[in-house]
Amino acid sequence: MSAPAPHRSAGPPPAPPKPTWDPTAPPRSYPWLRPTIRIRLTLLYGGMFLIAGMVLLTIIYLLAAQALQDGSRLSLRISGPVQVASDTCELPPSGSGADLGQALDACLQLQRRIALDSLLQRSLLALMGLAVAAFALGYVMAGRVLSPLGRITRTARQVAGSDLHRRIELDGPDDELKELSDTFDDMLDRLDRAFTAQQRFVANASHELRTPLAINRTLLEVQLSDPDASVEVQQLGRTLLATNERSEQLVEGLLLLARSENEIIHRKPVDLAEVADQAVEQARPEAERKGVEVRGVRQPVYVQGNGVLLERIALNLVQNAIRYNVAEGGWVTVTTEATPGQARLTVENTGPQVPAYEVDNLFEPFRRLRTERTGSDKGVGLGLSIVRSATRAHGGAISAVPREDGGLVVTVTLPV
């Protein structure tokens with residue numbers, strides 16, 4: 001949907017299209033083990049607790065071993081016949097001639113090792129249970145600590161979707177996160193004032209320019225209706241009338257562009273297929289004059305939005321597809337379809353070759369393919385800019401892909 005350009009036989013190959021970030025798109029789904037700050041803080045908290053527990057367990061084990069070692073020393077002498085029995089170790093019977101003291105010492109050492117092993121096993125089990133609890137508690141606490149960052153992120157996403165009136169207004173202690181939140185709110189205030197002033201200026205300028213242009217058109221039409229006017233005067237009047245009409249289109253486009261930059265607040269159900277049908281019918285006479293076939297199957301699909309802006313989206317896309325087409329055998333396909341949670345309007349046309357690296361420039365105001373700008377007789381260069389702004393105001397997204405045989409495939413995706 002761009003102006004024809006001379007074919008170049010040689011030149012550098014077109015660069016691949018740059019990926020663009022759509023702020024209105026829903027957040028991407030990530031796996032649970034994605035290395036987020038919350039996961040890293042959880043591992044940090046749990047790892048520090050686990051290391052501290054292991055050090056503490058080592059110290060307790062060494063102290064317990066030392067205490068058992070000191071407590072197992074027997075400072076007594078045994079004389080006379082004594083019967084000693086133990087369930088843990090075997091002791092020599094009385095009168096066998098063996099040293100009973102050494103046997104008791106060996107038995108105490110064995111019981112000491114058994115007690116230490118039991119203490120170590122139970123301590124490790126307790127440490128593992130506490131480590132699991134520490135990781136879970138660390139995950140919860142990290143979430144509470146990072147909840148202000150999540151709020152800032154959600155607000156930033158809403159602001160990126162053309163809602164500059166949102167503010168974080170974070171409550172809580174005067175810490176670094178609140179300082180970040182207040183700084184972000186101050187930045188949003190400045191951006192909101194700047195955008196509001198810009199939109200007000202464009203709207204006021206457009207309104208002020210419409211009145212003299214309307215007066216000029218009336219005077220020129222009156223002059224052209226005079227039967228006594230000379231041929232030169234009539235020719236000049238028609239030229240001036242065409243120039244005046246072009247200026248009116250430019251002013252209307254600027255006014256619509258300024259309005260479409262704001263997010264749509266009052267919405268109602270609109271059938272996107274009906275909007276596309278009306279746009280096709282309005283553009284059909286121009287298509288017949290240029291010999292362009294308009295076709296396509298449009299399925300009924302309802303979206304919540306503004307009917308006037310949605311009709312402008314479809315009409316601008318269809319008009320661009322007709323105007324920037326091939327001289328003979330051209331066609332335009334306009335389709336609507338419903339996808340899960342979304343409605344899609346697709347306009348595909350034949351036309352000149354469009355390099356992929358120049359597609360994004362077509363959506364900028366007063367920009368066309370190559371060096372052609374507002375000097376063309378095909379429009380004022382605001383059609384696709386208005387389409388993009390109106391689409392974003394509805395919370396949707398627009399994309400354009402060049403066709404291999406020439407032309408573009410423009411897809412508008414809107415939430416239902």
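Residues numbered from 1 in each chain as written. Predicted model: local features only at pLDDT ≥ 70, side-chain atom pairs only at ≥ 80, totals over all residues. Heavy atoms only, no water.

A. Structural context of the side chain of Asp-192. Looking at where Asp-192 falls in the secondary structure, it is placed in helix H3 (residues 176-224). When its relative accessible area of 13% is taken as the criterion, Asp-192 is described as buried. Apart from the residues within four sequence positions on either side, Asp-192 is in contact with Leu-164, His-165 and Arg-167. (Helix = DSSP H or I, 4+ residues; strand = E, 2+ residues; numbered from the N terminus. Buried < 20%, exposed > 50% of the residue type's maximum accessible area, 1.4 Å probe, protein only. Contact = heavy atoms within 4.5 Å.)

B. Main features of a nonpolar patch on the surface. On the surface, Leu-44, Tyr-45, Met-48, Leu-137 and Met-141 cluster together into a nonpolar patch covering about 490 Å² of accessible area. Only helix H1 (37-71) and helix H2 (100-160) provide two or more residues apiece to the nonpolar patch. Looking at the nonpolar patch, the element that brings in the most residues is H1, giving three residues. Here Leu-137 lies in helix H2. (Patch = residues over 30% accessible without salt bridge, like charges linked within 9 Å, V, L, I, M, F, W, Y side chains within 5 Å. Areas by Shrake-Rupley, 256 points an atom, 1.4 Å probe, with all protein chains shown as cover. Salt bridge = Lys/Arg side-chain N within 4 Å of Asp/Glu carboxyl O.)

C. Region of the structure containing the nonpolar core. Judged by nonpolar contacts, the single largest core of 38 residues is most densely connected at Ile-313, Leu-317, Ile-322, Val-334 and Leu-345. Those residues within four positions of Ile-322 in sequence are excluded, and the remaining contacts are Ala-283, Glu-286, Ala-287, Lys-290, Val-292, Val-294 and Val-332. Among the nonpolar cores identified, the runner-up in size contains seven residues, and Ile-152, Leu-170, Phe-184 and Leu-188 belong to it. (Core = buried A, V, L, I, M, F, W, Y, C linked by side-chain atoms within 4.5 Å.)

D. Structural detail: the sheet that holds strand E7 (residues 408-415). Read from one edge to the other, the open sheet built from five strands follows the order E2-E4-E5-E7-E6, with strand pairing classed as mixed. Each edge of the sheet is formed by a strand with only one pairing partner; in this case those strands are strand E2 (293-295) and strand E6 (397-402). The sheet shows a mean angle of 15° between the axes of neighbouring strands, taken without regard to direction. Summarising the sheet, strand E4 (residues 331-339) and strand E5 (residues 342-349) pair through eight bridges and their orientation is antiparallel. Following the sheet pairing, Val-332 is matched in E5 by Asn-349. In the packing of helix H6 (residues 307-323) onto the sheet, contacts are made with E2, E4, E5 and E7, and the angle to E5 comes to roughly 20°. (Pairing = 2+ DSSP bridges. Axes fitted to C-alpha atoms, helices over the stretch in contact; angles between N-to-C directions.)

E. Local environment of H3. Given a rise of 1.5 Å per residue, 49 residues ought to cover 72 Å, and the 71 Å separating the end C-alpha atoms of H3 matches this to within 8%. Regarding H3, the residues found buried are Lys-178, Ser-181, Phe-184, Asp-185, Leu-188, Asp-192, Gln-199, Ala-203, Ser-206, Leu-213 and Leu-220. (Expected span 1.5 Å × (residues − 1).)

F. How the structure looks around the packing of aromatic side chains. Taken as a whole and assessed by the stated rule, the structure comprises zero aromatic pairs. In this arrangement the basic side chain of Arg-38 is found over the ring face of Tyr-139, its NZ or CZ atom lying 3.8 Å from the centre. Above the plane of the ring of Trp-331 lies Arg-295, whose end atom (NZ or CZ) is 4.3 Å from the centre. (Phe/Tyr/Trp six-rings, centres within 6.5 Å; stacked < 30°, edge-to-face > 60°. Lys NZ or Arg CZ within 6 Å of the ring centre and 35° of its normal.)

G. Broad picture of the pairing of E7. For E7, the tally of buried residues reaches six of eight residues, placing the bulk of the element in the interior. The pairing of E6 with E7 spans six bridges and is classified as antiparallel. Bridge pairing in E7 places Ala-397 opposite Thr-413.

H. View of the packing of H6 against helix H7 (residues 383-393). At a minimum axis distance of 9 Å, the contact between H6 and H7 shows a crossing angle of 145°. Between H6 and H7 lies a crossing whose hand is left-handed. Of H7, the residues touching H6 (which contributes Leu-309, Arg-312, Ile-313, Asn-316, Leu-317 and Asn-320) are Gly-383, Leu-384, Ile-386, Val-387, Ala-390 and Thr-391. Residue composition of the contact of H6 with H7, grouped by class: seven nonpolar, four polar and one charged. (Left-handed = near helix turned anticlockwise from the far one by under 90°. Nonpolar A, V, L, I, M, F, W, Y, C, P; charged D, E, K, R; others polar.)

I. Seen up close, H7. Most of H7 sits out of view: 10 of its 11 residues are buried. At the C-terminal side of H7, Gly-395 shows a positive phi close to 80°.

J. Layout of the environment of Ser-225. Here Ser-225 is to be found in the loop between H3 and helix H4 (231-260). Looking at Ser-225, its side chain comes within polar contact range of the main-chain oxygen of Val-222, at 2.7 Å. (Polar contact = N/O pair within 3.5 Å; in protein donor to acceptor, adjacent residues only side chain to side chain.)

K. Seen up close, the pattern of salt bridges. For the structure shown, the criterion picks out six salt bridges. With its nearest N and O atoms 2.4 Å apart, the salt bridge here joins Asp-277 to Arg-298. Note that Asp-277 is positioned in helix H5 (residues 272-290) and Arg-298 in the loop between E2 and strand E3 (302-305), a separation of 21 residues in sequence. With relative accessibility at 22%, the residue Arg-298 sits in the partly exposed group. A salt bridge links Arg-284 to Glu-281; the nearest nitrogen and oxygen atoms lie 3.5 Å apart. Placement of the pair is Arg-284 and Glu-281 together in helix H5, with a separation of three residues, close to one helical turn. Note on Arg-284: relative accessible area 27%, which makes it partly exposed.

Don't take any of this as a statement about function, it's just geometry.
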